[in-house]
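# A look at the structure
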Amino acid sequence: MSWASRAAANIFPLSREKDDLALALHEWRYTGDYNDLEAPIETCKLCDHPDIRYQFEIQNLHTAETLLVGSECINRFNIAATDEEGRTLDADGTRKKLAKDRRKLVDDARRRRLVKALVALAHADEEFNIHSFIDYLQKRDAFTPYQVTTLMWRFEKHGIDHNPKDFKITIKRGREKAQLEKMSDWQLRRLLPCLSTSQRDYLHREGLHPSEQGNA
């Protein structure tokens, strides 16, 4: 069964239009409501695609029925979104809104994993001051190079499960750049998994890129 056939089977019973898929889809709007299941455990209620983690709600303008679908289906079937004032967006506006909402879901998930790792570290290490790190995260949504090297070292020391890519580093200020300049080779190497592509490029330009070998 094709994507269109599965979509038709799911959407016709909930729509006014019962024969023409394009007309039936035109009755639906992306509401802007979304949900993170934290694991790919659901099925798209429009196309039946499995392994959906992020759900986006669409609603019928006439019947008020709703479906939780994957983001790709909204784009694939040209389902329009509505803005905060209830106005229907065009295809480009819908894609931008959907991309923005999905980025927020991904970033929120990243922050939850990050905070979970910090809490686990606080339980394992009495000397770790979690409050100062949480405060800094709330203010800047990132950490300084020194903060991240400290975290990575403590995570490894106590065997705390973590994803280095969840820990953003800020090097916008002079003192943060100075921290990088003062770091030893092994400290810089510990930071690499946390750096963005542009930040890695900055290290190269400044001659700070660590060698592949050295003391850990």
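Report on the accompanying structure.

Conventions adopted
- Residues numbered from 1 in each chain as written.
- Predicted model: local features only at pLDDT ≥ 70, side-chain atom pairs only at ≥ 80, totals over all residues.
- Heavy atoms only, no water.
- Helix = DSSP H or I, 4+ residues; strand = E, 2+ residues; numbered from the N terminus.
- Expected span 1.5 Å × (residues − 1).
- Buried < 20%, exposed > 50% of the residue type's maximum accessible area, 1.4 Å probe, protein only.
- Contact = heavy atoms within 4.5 Å.
- Axes fitted to C-alpha atoms, helices over the stretch in contact; angles between N-to-C directions.
- Parallel < 35°, antiparallel > 145°, perpendicular 65-115°, else oblique.
- Left-handed = near helix turned anticlockwise from the far one by under 90°.
- Nonpolar A, V, L, I, M, F, W, Y, C, P; charged D, E, K, R; others polar.
- Core = buried A, V, L, I, M, F, W, Y, C linked by side-chain atoms within 4.5 Å.

### Looking at helix H6 (residues 145-158)
Over its 14 residues, H6 extends 20 Å from the first C-alpha to the last, a length consistent with the 20 Å expected when each residue adds 1.5 Å. Along H6, the positions that sit buried rather than exposed are Pro145, Gln147, Val148, Thr149, Leu151, Met152, Arg154 and Phe155. On its buried face, H6 sits against helix H4 (91-124), helix H5 (130-140), helix H7 (174-182) and helix H8 (185-191). Following H6 by one or two positions, Gly159 adopts a phi angle in the positive range, close to 65°.

### Things to note about the packing of H4 against H5
Relative orientation of the contacting elements H4 and H5 amounts to 165°, with a least axis distance of 10 Å. Taken together, H4 and H5 sit at an angle that is classed as roughly antiparallel. For the pair H4 and H5, the crossing hand works out as right-handed. Where H4 approaches H5, its residues Arg111, Leu114, Val115, Leu118, Val119 and Ala122 are matched on the opposing element by Ile130, Phe133, Ile134, Leu137 and Gln138. Of the residues in the contact of H4 with H5, the class split is 9 nonpolar, 1 polar and 1 charged.

### Some thoughts on unusual backbone geometry
For Glu38, which is not a glycine, the phi torsion comes out positive at approximately 70°. With respect to the element layout, Glu38 can be found in the loop between strand E1 (28-36) and strand E2 (54-60). Although it is not a glycine, Asn78 adopts a positive phi angle of roughly 55°. For Asn78, the position within the fold is in the loop between helix H3 (71-76) and strand E4 (80-81).

### Some points on the packing of H4 against H6
The geometry of H4 relative to H6 is characterised by a closest axis approach of 10 Å and an angle of 60° between their N-to-C directions. By the angle between their directions, the pair H4 and H6 is classed as oblique. The hand of the H4/H6 crossing is left-handed. Across the interface between the two elements, Ala117, Leu118, Leu121 and Ala124 from H4 touch Leu151, Arg154, Phe155 and His158 from H6. Looking at the contact of H4 with H6, its residues break down into 6 nonpolar, 1 polar and 1 charged.

### Notes on the nonpolar core
Grouped together as the largest cluster of nonpolar side chains are 29 residues, with contacts concentrated most on Leu118, Phe143, Leu151, Phe155, Phe167 and Leu180. A per-element tally of this core places H5 first, with 5 residues. What Leu118 contacts, discounting residues up to four positions off in sequence, is Phe128, Ile130, Phe133, Ile134, Phe143, Leu151, Phe155 and Phe167. In this structure, Trp28, Tyr30, Cys73 and Leu105 belong to the second largest nonpolar core, which totals 27 residues.

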